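Residues per chain, in single letters:
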Amino acid sequence: MRQRVFFTLLLLSAFLRGNTASPDERGFDPSGVWMGQHGPLALMRAGDTLSFSYSAVFGATAHLCDGIGVAGFVGDATWEYADEQGKVTFTTRDNVVTMRATSGIASFCGANWPGETFGRDSYKPPTWCRVTAPKAHFFVVGALPSDRRPGFVVQGDWVEAVGLVNESSAAWLLARYAGKERATAGLLERDALECNEE
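Residues numbered from 1 in each chain as written. Predicted model: local features only at pLDDT ≥ 70, side-chain atom pairs only at ≥ 80, totals over all residues. Heavy atoms only, no water.

Enquirer: Any chance you could explain the state of the cysteines here in plain terms?
Expert: Note on terminology: a disulfide is the covalent bond linking the sulfur atoms of two cysteines. Counted according to the given criterion, the structure contains two disulfides. Between the sulfur of Cys65 and that of Cys109 lies a disulfide, 2.1 Å long from S to S. On the S-S bond that ties Cys65 to Cys109, the torsion sits near 120 degrees, and the link is right-handed. Of the two residues, Cys65 is situated in strand 4 (residues 63-75) and Cys109 in the loop between strand 7 (96-104) and strand 8 (116-119); the sequence distance between them amounts to 44 residues. Overall, the relative accessible area of 3% leaves Cys65 in the buried class. Look at Cys109 and you get buried, because its relative accessible area is 7%. The side chain of Cys129 participates in a disulfide bridge whose partner is Cys195; the two sulfur atoms lie 2.0 Å from each other. The disulfide joining Cys129 to Cys195 has a torsion of about 105 degrees about its S-S bond and is therefore right-handed. Residue Cys129 is located in strand 10 (residues 127-131), and its partner Cys195 is located in strand 16 (residues 193-195); the two are separated by 66 residues in the primary sequence. (Disulfide = S-S within 2.5 Å. Helix = DSSP H or I, 4+ residues; strand = E, 2+ residues; numbered from the N terminus. Buried < 20%, exposed > 50% of the residue type's maximum accessible area, 1.4 Å probe, protein only.)

Enquirer: Help me understand the nonpolar core, please; the structure alone is not making it clear to me.
Expert: As a rule of thumb, nonpolar side chains are buried together in soluble globular proteins. Membership of the largest hydrophobic core comes to 22 residues, with the highest contact counts inside it found for Leu41, Tyr54, Phe90, Met99, Phe108 and Trp113. Taken together, the elements giving at least two residues each to this core come down to strand 2 (40-46), strand 3 (49-58), strand 4, strand 5 (78-83), strand 6 (86-93) and strand 7. A total of five residues in this core trace back to one element, the largest contributor, which is strand 3. (Core = buried A, V, L, I, M, F, W, Y, C linked by side-chain atoms within 4.5 Å.)

The structure is reproduced here in structure tokens:
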């Protein structure tokens, strides 16, 4: 049984990698949790979106970052998250993730945030989780409570997931499901899943 589950996970992993764009277009797939100098960053890539959860402390007076959202692909392994206060740019090149405020300020960090660089030595991959609820809807990646999306998974489906690192509820995971035509990422309730904890 254990061998069968492992084989299934291996096939799902190969399928996900086959459904993501080549490194030439979107960079490598950074899905997982990264530890930077100022704090952790959780990422989940699906198609042209890069969902993130970020928490950090920076500066002499201990300014806090508490961010969650979705960045869109803009080309050349670059992703942008924009709101009324500014734009944060992520890059995913050469096994390094960077995030910087490229106009205005990062609203979830405030002024004087220096940005962050994350190396592969600080990386932890997503965990595989099996859906145990009869049906579990994805929710929008954003401040909780967020809106329910039309997409869902059903009992027996497998998803990749990471815990949220910002100040959101531990009751939610950032997850990705590889469908027949495309991958979907969003928030799933932890209680709807059984995860292979490492």
